[in-house]
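Given next are the chains, with one letter for each unit.
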Amino acid sequence: MTHRPIATPGSDIAAWWASAVVYQIYPRSFADANGDGMGDLLGVTARLPYLQRLGVDAIWLSPFYKSPQADAGYDVADYRQVDPMFGRLADFDGMLRKAHSLGLKVIVDLVPNHTSDEHVWFQQALAAAPGSAERERYMFRPGKDQVAASGDGNLAPNNWKSIFGGPAWTRTTNPDGSSGDWYLHLFDTKQPDLNWENPEVQEEMRSVLRFWLDRGVDGFRVDVAHGMVKEAGLPDWDGVAAMVEGSADAGHLPDAPGAHTEAVEPHTAHHSYDGDVHSGNEGGHQPVSPLHPPSPFFDQDGVHEIYRDWNRVLAEYDGDRMLVAEAWVEPAERLARYIRKDEMQQAFNFDFLLAGWDAQRMAVAIEDSLEAAASVEAPSTWVLSNHDTVRHTSRFGLADPTTFPKGIAAEDEQPGAGLGLARARAATLVSFALPGSAYVYQGEELGLPEHTTLPAGARQDPTFFRTNGIERGRDGCRVPLPWKSGEPGYGFADAHTGGLSSDGVSSDGGSGHLAPAAPWLPQPESFGELAADRQDGVEGSTLELYRSALSLRKSHGLGSGSFCWADMHDPELGVLAFQNRDVLVIANMGTAPTPVPDGYRVELSSAAGAGAAEPAFAEPAIVGAATGTTGSRATASESGALAGGTVAEGAPTEGAGGALRRVLADTAVIAPNTAAYLVAG
C-alpha cells in the first residue's frame, strides 16, 4: 500500500452532517424519568446537558413510536404518535426544543420496510378480501400450489427465510374462517412487509417524513434501507440472509433454524491487506455481494428511486436535513450508490465495524470506504457498535477479536474485560480521527461491556426465541445505562428519584419519590464501577477520554480533514498510522511497543489511567520511557511508567488504586493495544 493521499471530497461539504459526531440513543435504556423501569423521552431531555458536555453534535433516537413492542419498537403501529411507554408527543417536542437550544441536532428512526401487524392498515387488510386495495399495501400472496382445480394453497409462496429465523411467510385466516393468503415478513411475524410498488405506500411515507420535518427534526436514520424493494416474481432463493453478520466460529450458530454461517454468507470471506478477497488460499479481487447468490429482497436497484424521491422531500426544508442508511451492503462501491448526490446523505460504514481488532482488516476497510465515498463525492461514516451488535468493548476481548458473534451467553466464551476495553479505547481514537462523520452508541463512552450472562428468562429479543436460543440475540448490548453507582439500577431512574444537577451526570439528592421499578433488563455488576459518576472528572477514565478526543477532533478539524497513510504505517506488524491535517494517528495493534517518531509529542493517548472507574488490564508488556526496560503493569506503575506513558519525576500519585498523573509529552513509546494522537513539536 503506497503512502499517498486518499481523496476525501466530502471534506468540503459545509452541511453539519458531513463531519458530525452522532450519539445513538436507545430510548428504552438511556434514562428513566417516571420510575417505571423503562427509559423515556423526559429521561432523554434530562440527560441532554451530559451529551452536550460529551462533545457530540447530534443525537439519533431509535424508535419511540406507538408499537406493541414485539421488536423493541421496530414494529410501528402509528408513525405519528409517541408510544405511551416513552411519553407524549408534547414530550418529544420539548426534548427537540431543548436539544436545539443546546446546539444538538436530532435524527429519528424511520422504519419503512414493514409495519406492526397492529397498524390500522394491516388490520384493514386482514378484514378485506384477497386482491383488495387494502391488501395491496402489503405483500399478500396465494400459496405456491394454489391454482385452478389443483392444490389447496398450503405451500408458502416461496422458500424465503426470516432474518429472525424460521419461514418468512405466515398464512392468514379469511373472515369466514377458511385458510387464506400468505403475507411476507422478512423479520418477525408481527412485522408484515409493505408493498413499495403501491403508490399509496409511497405517498404515506412522504407524509410521515413531512410530519416529523414540520416538527423540526434534522434527519432520519432509515431502517433496513436496502430491503424495501423485492425482485419481480419473488423467486425462490437458497441463501440465508442476516441483518447483522455472524460468525460460525462462535460454536453455537450452525444448524440452528435461521442461523447464519460463513457457508451461506461469503461476505465474511477473509479480506487481505492487499485489498483482495480470498476464499481459501486462492482468488483475486472479488467485489462480491454480501449474499451469494444475490438476495431477491436486499439491495434491489429499485430502492434508489425511493431515495431520490425522499431527497426531493427533504429539499423542501431548510437546515440541511439528512438521511442515513442502515444498509448491510457489500462491496463498498455498492454501498456508495446510496449516497449519490440525489439520494441519501450518509450510509453506515459496516465494513469498518466488521473489521474487528486487526490492523490489516481495518486498513483495508478504511481505504476502501474512503475511495468508494470519494467516487460519489460524499463523506464516509465510522461506527464501531450499535443496538444490533455485540459491543466492541467485548468483541475485542475475545480470543479472536475479529469474530462477530450474534450475542454472547454465559455458556459461550467470555471476553477479557480489560483487554477488550483497552482495544476499544484505541479503536475509538482511530474512528474519531478519520475524516467524515462518526457514530457513537450509548454507553460506549463509559466503556460498557456486553452483558454476557443474561439469564434466558430475562431475554426479550425475538431472534432468541425464533431460533430456540441458538442465536443469543441483541439484549446484551441494550441493557440500561448506569449513571450513579450507589443508587438502585445504578441511577437509571435518577431523573425520577431526585432530579439532576446542571451537568446532566449527577443527582442533586432525593425528593421523596417512591423507589423506582427495576430496569427492564438486569444490569451486570460491572456497571457499578463504570457508572458515569465514577468516571466524571477522573483523569484517564473512558468518559474523559471521549470528551478529550471529541474536543481535539473539533479543534483540529479532523471531521472535515484529509487522509494519508503515514510512513510508519505497517499493518503486517500491527501498526496503523495515518495523517489528518496536523495530527499523526498511531494505533498499535501488534505485540511490540511502537516508538514515537522524532519531532512529535503525544497529544492524547488511549492508555488508561489507574482510576477506580477502569478495570485492570491483562498485564501487557510495558516499556519505560526513561530506561527502555520491560515489565508487568504493576512493575511499571511502581517505577513510574504506565502503558506507554511516563510519570514526570516528582509528579504526585495518590494512594494504591488512586489516579496516576501522566505527562503525555514525555511518552517515548506506544504500547500494544494503544492508540495516540501526535502533533509536531
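Residues numbered from 1 in each chain as written. Predicted model: local features only at pLDDT ≥ 70, side-chain atom pairs only at ≥ 80, totals over all residues. Heavy atoms only, no water.

Another aspect to go through is the overall build of the protein chain. Secondary structure assignment for the protein chain yields 17 helices and 26 strands. The contacts in the protein chain between residues at least 6 apart in sequence include a share of 71% that link residues at least 24 apart. On the protein chain, roughly 23,800 Å² of surface is accessible, and the fraction owed to carbon and sulfur atoms is 51%. (Helix = DSSP H or I, 4+ residues; strand = E, 2+ residues; numbered from the N terminus. Contact = heavy atoms within 4.5 Å. Areas by Shrake-Rupley, 256 points an atom, 1.4 Å probe, with all protein chains shown as cover.)

Read from one edge of the open sheet, three strands run 6-8-7, paired in antiparallel fashion. Edge positions in the sheet fall to strand 6 (140–141) and strand 7 (169–173), since each of these pairs with one other strand and no more. Relative to strand 8 (residues 179–184), strand 7 runs antiparallel, the two being bridged by four bridges. Of the residues in strand 8, the one forming a bridge with Thr-170 is Tyr-183. (Pairing = 2+ DSSP bridges.)

Let us now look at the confidence of the model for the protein chain. The predicted structure's coordinates, where accompanied by low pLDDT, should not be read in detail. Confidence in the prediction for the protein chain averages 84 pLDDT; 79% of positions are at 70 or higher. Contacts from residues 244–291, a stretch scored under 50 in pLDDT, to residues over four places away or in other chains number 101 contacts. With pLDDT under 50 throughout, residues 610–666 is counted as low confidence; its partners more than four residues away or in other chains account for 101 contacts. (pLDDT = per-residue confidence, 0-100.)

Turning to the pairing of strand 1 (residues 21–25), a few remarks are in order. Counting buried positions along strand 1 gives five out of five residues, so the element sits mostly inside the fold. Burial along strand 1 is two-sided: Val-21, Tyr-23 and Ile-25 facing one way and Val-22 and Gln-24 facing the other are all buried. Pairing of strand 1 with strand 15 (residues 437–441), which is carried by four bridges, proceeds in the parallel orientation. What sits directly across from Val-21, in strand 15, is Ala-438. (Buried < 20%, exposed > 50% of the residue type's maximum accessible area, 1.4 Å probe, protein only.)

Moving on to the nonpolar core. In terms of nonpolar packing, the biggest core is built from 132 residues, with Tyr-23, Leu-51, Phe-92, Tyr-307, Trp-310 and Ile-366 touching the most fellow members. Not counting residues up to four positions away in its chain, the partners in contact with Tyr-307 are Val-222, Ala-225, His-226, Met-228, Tyr-338, Asp-342, Glu-343 and Met-344. Core analysis: the next-biggest nonpolar cluster, separate from the first, contains 19 residues, Trp-16, Ala-20, Trp-60 and Val-324 among them. (Core = buried A, V, L, I, M, F, W, Y, C linked by side-chain atoms within 4.5 Å.)

A few words now on the side chain of Asp-188. With respect to the helices and strands, the residue Asp-188 is situated in the loop between strand 8 and helix 5 (199–215). There is no salt bridge for the buried Asp-188, and the closest opposite charge comes from Arg-466, which lies 4.2 Å off by N-O distance. Once residues within four sequence positions are removed from consideration, Asp-188 is found in contact with Ala-70, Phe-164, Pro-462 and Arg-466. (Lys, Arg positive; Asp, Glu negative; His and termini not counted. Salt bridge = Lys/Arg side-chain N within 4 Å of Asp/Glu carboxyl O.)

In this section: the packing of aromatic side chains. Tallying each qualifying case throughout the model produces 33 aromatic pairs. Seen from their ring centres, Phe-64 and Phe-92 are 5.1 Å apart, and the 25° between their planes marks the pair as stacked. One end of the pair, Phe-64, is in the loop between strand 2 (58–61) and strand 3 (65–66); the other, Phe-92, is in helix 3 (residues 89–101), and 28 residues separate them in sequence. In terms of burial, Phe-64 and Phe-92 fall into one category: buried. (Phe/Tyr/Trp six-rings, centres within 6.5 Å; stacked < 30°, edge-to-face > 60°.)

Let us look at the sheet that holds strand 26 (residues 674–680). The antiparallel open sheet is built from five strands, whose spatial order is 16-17-18-26-20. On the outer flanks of this sheet lie strand 16 (564–565) and strand 20 (600–605), each paired with one strand and no other. Here strand 16 pairs with strand 17 (residues 575–580) via two bridges, running antiparallel. Looking at strand 17, one finds that Trp-565 is bridged to Phe-578. With respect to the sheet, helix 11 (residues 417–433) is in contact with strand 17, strand 18 (583–588), strand 20 and strand 26, its orientation differing from that of strand 26 by roughly 45°. Against the sheet, helix 16 (residues 542–555) makes contact with strand 18, strand 20 and strand 26, and its axis sits at roughly 130° relative to strand 20, the strand it touches most. (Axes fitted to C-alpha atoms, helices over the stretch in contact; angles between N-to-C directions.)

Here we take up the packing of helix 5 against helix 6 (residues 303–314). Interaxial distance between helix 5 and helix 6 falls to 10 Å at its minimum, and their mutual angle equals 30°. In terms of axis orientation, helix 5 runs roughly parallel to helix 6. For helix 5 against helix 6, the interelement crossing comes out right-handed. Of helix 6, the residues touching helix 5 (which contributes Met-205, Arg-206, Leu-209, Arg-210 and Leu-213) are Asp-309, Trp-310, Val-313 and Leu-314. (Parallel < 35°, antiparallel > 145°, perpendicular 65-115°, else oblique. Left-handed = near helix turned anticlockwise from the far one by under 90°.)

With 17 residues, helix 11 extends 25 Å from end C-alpha to end C-alpha; this agrees with the ideal 24 Å at 1.5 Å per step. Among the 17 residues of helix 11, 15 are classified as buried, and the element is accordingly described as predominantly covered. (Expected span 1.5 Å × (residues − 1).)

Our next topic: the pattern of salt bridges. Across all of its chains, the model carries 40 salt bridges by this definition. Residues joined in a network through salt bridges with shared partners are Glu-203, Arg-206, Glu-305, Arg-308, Asp-309, Arg-312, Arg-340, Asp-342 and Glu-343.

The next point concerns unusual backbone geometry. Here Glu-330 and Pro-331 are connected by a cis peptide whose omega angle stands at -5°. Relative to the helices and strands, Pro-331 resides in the loop between strand 12 (322–325) and helix 7 (332–336). Residues other than glycine seldom take positive phi values, yet Asp-299 does so here, at roughly 55°.

A word on helix 16. Between its first and last C-alpha, helix 16 extends 20 Å over 14 residues, near the 20 Å set by a 1.5 Å rise per residue. Buried residues dominate helix 16, accounting for ten of its 14 residues. Where helix 16 ends, the next residue or the one after it, Gly-557, has phi of about 65°, a positive value.

With that settled, consider empty space enclosed by the protein. Taken as a whole and assessed by the stated rule, the structure comprises 13 cavities of 30 Å³ or more. Lining the second largest cavity are 14 residues, with Leu-335, Ile-339, Ser-369, Ala-373 and Ser-380 sitting closest to its centre. Put simply, the parts of the chain that give the lining of the second largest cavity at least two residues each are helix 7, helix 8 (350–355) and helix 9 (359–375). Looking at the lining of the second largest cavity residue by residue, the class counts come to nine nonpolar, four polar and one charged. (1 Å grid on protein atoms, 1.4 Å probe; cavity = no way out; pocket = protein on both sides within 12 Å on 5 of 7 lines; lining within 4 Å. Points joined across faces, edges and corners; volume = space filled by probe spheres on them. Nonpolar A, V, L, I, M, F, W, Y, C, P; charged D, E, K, R; others polar.)

What follows covers the environment of Asn-159. In this structure, Asn-159 sits in the loop between strand 6 and strand 7. Sequence spacing of Asn-159 and Leu-234 is 75 residues, and the spatial spacing of their C-alpha atoms is 9.6 Å. Side chain to side chain, Asn-159 and Asp-238 meet in a polar contact 3.4 Å long. (Polar contact = N/O pair within 3.5 Å; in protein donor to acceptor, adjacent residues only side chain to side chain.)

This part covers the environment of Pro-192. Structurally, Pro-192 is set in the loop between strand 8 and helix 5. Residue Pro-192 is classed as buried on the basis of its relative accessible area of 0%. Filtering out sequence-adjacent residues up to four positions away, Pro-192 remains in contact with Asn-113, His-114, Thr-115, Ser-116, Asp-117, Phe-122, Tyr-138, Tyr-183, Leu-184 and His-185.

As for its placement among the helices and strands, His-392 is situated in helix 10 (residues 392–395). In this view, His-392 contacts Leu-384, Ser-385, Ala-424, Thr-428 and Glu-444; residues no more than four positions away in its chain are not counted.

Residue position: Leu-398 is located in the loop between helix 10 and helix 11. When the C-alpha positions of Leu-398 and Ala-417 are compared, they lie 9.1 Å apart, and in sequence the two are 19 residues distant. With residues near it in sequence (within four places) discarded, Leu-398 still touches Thr-403, Pro-405, Ile-408, Glu-413, Pro-415 and Arg-423.

For the pair helix 2 (residues 41–54) and helix 16, the least separation of the axes is 8 Å and the interaxial angle reads 60°. Judged by the angle between their axes, helix 2 and helix 16 are oblique. Contacts between helix 2 and helix 16 involve Tyr-50, Arg-53 and Leu-54 on the former and, on the latter, Leu-543, Glu-544, Tyr-546, Arg-547 and Leu-550. Among the residues forming the contact of helix 2 with helix 16, the class breakdown is five nonpolar, no polar and three charged.

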